[in-house]
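Descriptive analysis of the structure
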Amino acid sequence: MKYRVRVRVNGEEYEAQAEPHLTLVTFLRDQLGLLGTKWGCGTGDCGACTVLLDGRPVTSCMVLALSADGREVTTIEGLARDGKLHPIQEAFVEHGAVQCGYCTPAAILVAKALLEETPSPSEDEVRRALAGVLCRCTGYSKIIDAVLAAASAGR
Amino acid sequence: MAQEASVIGKRVPRSDALEKVTGKTVYGFDFKLPGMLHTKLLWSERAHARILAIHTAGAESLSGVRAVVTAADLQEGRGKIRGVFGPTDRWLLARGKVRFVGEPVAAVVAESEELAFEAARQIRVEYDPLPILLDPEEAMREGAPWIADVPIEASASGYKGSARNVCAYARLRNGDVEAGFREADLIHEDEYETNMVHQGYIEPTVAVARAEADGGLTIWTNTQIPFFLRGGIAQLFALPLTRVRVIATHCGGAFGGKAGTLCAAIACLLARKAQRPVRLAFTREEELTATFPRHPTRYRLKMGVKRDGTITALQARCLQDTGGYAGEFGPPQASKINLLMSAPYRTENVDLEAFTVLTNKTDCGAMRAPLGPQTFFALESHIDAVAERLGMDPLDLRLKNAREKGEMHPTGQVLGDLGLKDALRAVGKAIGWGREVGPNRGLGLAVGIWYTGATLGASAYVKLNEDGTVGLIVGGSDTGAGAVFGGLPLIVAEELGVEPVEVFVEQADTALSPWDSGSVSSRTTYSLGNAVIAACRDARQQLLAMGASRLGFPEEQLELRGKAVRVTAEPDRAVPLAALALSALVSGGQVLGRGTYVATKPAFDPGRWEGLAMSTTLIDPAAAVHAVEVEVDPASGRVKLLRYVAAQDVGRAINPVGVEGQIEGAVSAGIGQALFEEIVFDGEGRVLNPSLLDYRLPSAVDLPRVEVLLVEGHLGGGPYGAKGVGEPSGIPPPAAIANAIARATGVRVKTLPLSSENLWRALSERRGP
């Protein structure tokens with residue numbers, strides 16, 4: 001049995017049919033082809049599938065597609081506008097915050113949510129915001145530097 | 001070519017950063033083919049049992065199931081996994097018996113992932129249980145059952161003794177260790193034990209395989225070893241080498257865990273049977289239960305020293321628990337333990353033995369600096385304890401004994417330019433070694449020595465595009481570390497006078513790329529970088545010759561700079577590369593460069609080795625020295641890292657932002673191993689914590705900011721003097737933190753991890769009941 005789901009993703013309206021157990025990550029990746037949302041564990045522990053749901057970070061493997069009905073989702077594909085990178089994306093490139101890049105979309109989206117709420121965060125606040133996104137490559141320092149740099153550029 | 005370095009040493013963004021921050025990168029996990037089937041493996045639930053029967057009819061009868069495979073589908077006389085070091089003792093799918101929980105017994109492909117999961121549940125396996133051996137010392141005991149069913153031959157293991165289940169043995173001896181102990185004023189003996197930890201890459205291991213019309217196979221996978229994988233698959237299926245094509249996808253982290261052949265090989269077996277494209281991705285539970293983690297170890301060390309700190313003798317016995325199989329990476333490591341143990345400190349008299357032992361635990365593999373953190377946790381804990389007993393400063397004791405360039409290692413190898421002393425001094429200065437710290441606080445430091453795995457070859461092609469940009473085609477793959485996309489473009493830019501953004505790198509496709517031995521052993525920037533330099537110099541010679549005839553100056557008076565061939569003395573007299581590239585197409589032909597590199601193995605004395613000596617020399621040994629300030633909460637045993645300084649002897653940093661990133665990442669995994677990471681088994685050999693909730697990787701709130709010190713100038717044989725940088729800093733964290741804890745609390749914990757629980761127990765024991 002499938003149900004209708006209407007969701008706004010990166011500013012565009014989508015209407016689709018989804019089974020009740022379909023997760024948001026699989027909906028985004030398999031039905032909408034938005035592969036920038038990564039799969040890491042399927043149990044909400046690694047954070048790689050983080051997207052913004054009505055502006056708040058959620059692990060999309062722990063959210064059912066149907067529960068996104070009528071809501072707004074932002075994925076990494078929604079950040080750059082007209083070929084211009086979002087300042088957080090720019091800062092990630094500049095500061096060497098990207099290695100394998102598999103956690104990068106999640107880290108950038110978490111940073112976006114943080115900076116919208118707290119435009120001038122302390123290092124500690126950045127660390128706490130990133131705590132749900134695991135990165136095995138960087139040790140986080142350069143990610144934190146990038147977020148702090150994007151914050152100060154935005155001031 | 002004595003040219004002033006213009007790009008080397010600059011902080012340049014890696015060439016794949018843009019596609020990664022925009023989410024456009026297609027990783028192995030994202031790769032799809034039309035009509036692709038999905039796989040689920042059936043893993044053994046028993047740690048040690050005979051397989052009596054496998055009933056697959058229930059799974060096969062489900063509609064949408066396209067194939068089920070077991071060991072019966074492996075070709076006669078074949079079916080053993082073949083890795084980087086040749087054939088192994090392990091079947092692709094369990095044959096006759098299972099030797100650890102998580103060993104694949106069968107695999108099923110179906111139209112959907114859900115259906116494959118359901119079908120795997122319908123497969124029934126009848127087992128006859130065998131005694132389970134989880135402890136390496138138990139496994140070695142007289143009368144213990146043979147996990148390999150038969151006694152392991154000395155010809156295969158290098159071991160001639162009577163202990164059971166030893167699948168590799170190596171001994172390194174030099175001088176007279178007994179005389180050394182007689183000469184000593186103090187002899188210190190102790191034992192150390194390390195934990196099984198996982199590589200923890202965030203992207204799971206994945207392969208998509210397609211059976212081709214000619215019987216061949218094409219594989220898209222996030223591998224570290226495209227060419228060895230091609231060889232292994234061809235061998236397994238008795239195919240001509242060139243009927244197998246491996247295309248490396250982008251890779252979401254590897255750290256040694258994607259240097260095997262298991263995942264791709266099972267996908268291939270299914271693709272051949274189903275005659276449809278097949279995708280196999282490991283679940284996180286499977287990753288943490290059944291892929292190839294870091295070996296747990298036990299060490300017994302005995303060191304003799306004189307009152308002034310001179311080390312007179314070192315004796316060690318190490319047990320490396322390799323799990324159910326020697327596997328792809330067990331045997332080479334025994335000799336590596338001895339090689340590393342005797343690397344940092346001067347002593348003539350050594351007797352070092354290492355045993356690789358089978359147990360009924362997960363088949364261990366290679367993880368970032370395999371056996372490095374284990375060996376140096378033991379050695380560096382030990383040397384701190386010796387310093388304490390001597391009443392000597394631990395930094396002074398290390399400086400007194402630290403080896404330098406030109407000294408002879410106990411293998412008989414004359415060492416290259418090791419920056420150990422400079423790294424020790426740099427770290428001591430940065431952390432303020434010797435300063436007073438508050439109550440429950442302590443400073444600790446530790447050394448790690450690693451090398452570059454450069455003995456296997458590398459090759460590269462460059463082509464000058466019609467617009468004067470450069471294409472670089474290599475057989476390596478970027479695991480995420482940045483060697484291919486962050487390092488190589490700078491080398492091309494340097495050699496051909498273009499900007500790094502004008503270099504376009506294509507990573508491995510075995511049908512198109514020249515051969516490379518893989519993104520392993522800190523070798524990519526080093527070996528592949530040298531091959532790229534050679535390829536660029538080939539192209540450069542052609543460009544200079546063309547420029548000479550255009551400009552009317554001899555080649556010696558020309559240089560490549562600013563995307564043109566220029567007269568060195570009159571830089572405005574120039575001809576653009578784009579013009580040369582275009583004219584070459586109609587006259588003389590496109591400018592193509594080719595380059596290869598293989599390191600020369602340093603000379604050593606094989607007579608000092610006994611047993612299976614596979615890792616025998618240290619090419620360009622590099623030192624990592626770390627210092628840490630900790631605060632311990634005596635009530636809970638919780639350790640807080642207040643400061644962390646990491647110095648690494650890098651030779652020459654090609655792209656410092658990437659080098660720092662490698663060091664910071666290595667430190668973070670090392671801190672995880674030191675403080676809380678551990679794969680935990682129950683008495684039946686089942687992994688108790690196969691999720692990232694229960695197997696914790698360090699998060700942003702767990703780690704301090706690492707202060708990185710690049711120690712340059714002790715040059716290696718890599719590009720412009722570089723040494724391998726990816727692994728050394730993964731080594732010292734457990735010992736550095738243990739040493740700091742010992743100084744903060746007076747209690748030395750000799751078993752990893754140094755978790756709150758373990759530390760609390762140790763503190764409680766000292767307090768007494």
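Note that this is a predicted model, so its numbers are computed, not measured. (Residues numbered from 1 in each chain as written. Chains lettered and ligands numbered in written order. Predicted model: local features only at pLDDT ≥ 70, side-chain atom pairs only at ≥ 80, totals over all residues.)

1. A word on the interface of chain A and chain B
Definition in use: Contacts are defined on C-beta atoms placed from the backbone: any two residues whose C-beta positions lie within 7 Å are in contact. Strands here mean DSSP runs of E at least two residues long; helices mean DSSP runs of H or I at least four residues long; both are numbered from the N terminus. Three classes are used: nonpolar for Ala, Val, Leu, Ile, Met, Phe, Trp, Tyr, Cys and Pro, charged for Asp, Glu, Lys and Arg, and polar for all others, with Gly counted as polar.
Taken together, the 42 residues of chain A in the interface contact 45 residues of chain B. For the side of chain A that touches chain B, the secondary-structure elements that each account for two or more residues are α2 (87-94), α3 (104-117), α4 (123-130) and α5 (141-154) of chain A. Here the element with the most residues in the side of chain A that touches chain B is α2 of chain A; it accounts for four residues. Partitioning the side of chain A that touches chain B into residue classes produces 22 nonpolar, 13 polar and seven charged.

2. What to know about the sheet that holds strand β15 (residues 297-305) of chain B
Residue and element names in this part refer to chain B. Threshold: Here, a strand pair is defined by DSSP locating no fewer than two bridges between the strands. A fitted line through C-alpha atoms represents every axis, and for helices the fit uses only the stretch in contact; the resulting angles, taken between N-to-C directions, go from 0 to 180 degrees.
Pairing in this open sheet of six strands is mixed, and the strands run β10-β15-β16-β17-β9-β26 from one edge to the other. At either margin of the open sheet sits one strand with a lone partner, and together these are β10 (186-193) and β26 (609-611). Strand after strand, the sheet turns through a mean of 10° between neighbouring axes, direction not considered. Here strand β9 (residues 166-174) pairs with β26 via three bridges, running antiparallel. Within β26, the position partnered with Leu 172 by the bridge is Trp 609. Relative to β10, helix α11 (residues 372-390) is tilted by about 145°, and along the sheet it contacts β10 and β15.

3. Topic: unusual backbone geometry
All names here are of chain B. Heads up, the rule is: Exposure criterion: with C-beta atoms placed from backbone coordinates, a residue whose C-beta has 20 or more other C-beta atoms within 10 Å is buried, one with 12 or fewer is exposed, and one in between is partly exposed.
A cis amide bond links Leu 752 to the next residue, Pro 753, at an omega of 0°. A positive phi is found at Asp 620, a non-glycine position, where the angle reads about 45°. Residue Asp 620 is classed as buried on the basis of its 27 C-beta neighbours within 10 Å.

4. A closer look at the environment of Glu 287 of chain B
With respect to the element layout, Glu 287 of chain B can be found in helix α9 (residues 284-290). Contact partners of Glu 287 of chain B, with chain neighbours within four places excluded, come to Pro 204, Thr 205 and Phe 282 of chain B.

5. Overview of the packing of helix α14 (residues 483-496) of chain B against helix α15 (residues 524-551) of chain B
Describing two packed helices takes the angle between their axes plus the distance from one axis to the other. All names here are of chain B. Where we set the bar: Here the angle decides the label: under 35 degrees means roughly parallel, over 145 means roughly antiparallel, 65 to 115 means roughly perpendicular, and every other value means oblique. Definitions for this section: a left-handed crossing has its near helix turned counterclockwise from the far helix by less than a right angle. A right-handed crossing has that turn clockwise.
Look at α14 against α15: their axes get within 9 Å of each other, and the N-to-C directions meet at 30°. Judged on the interaxial angle alone, α15 and α14 are roughly parallel. Of the two possible hands of crossing, α14 and α15 adopt the one that is right-handed. Of α15, the residues touching α14 (which contributes Ala 483, Val 484, Gly 487, Leu 488, Ile 491, Val 492, Glu 495 and Leu 496) are Thr 524, Thr 525, Leu 528, Gly 529, Val 532, Ile 533, Cys 536, Arg 537, Ala 539 and Arg 540.

Everything listed here is a matter of geometry and, on its own, says nothing about what the molecule does.
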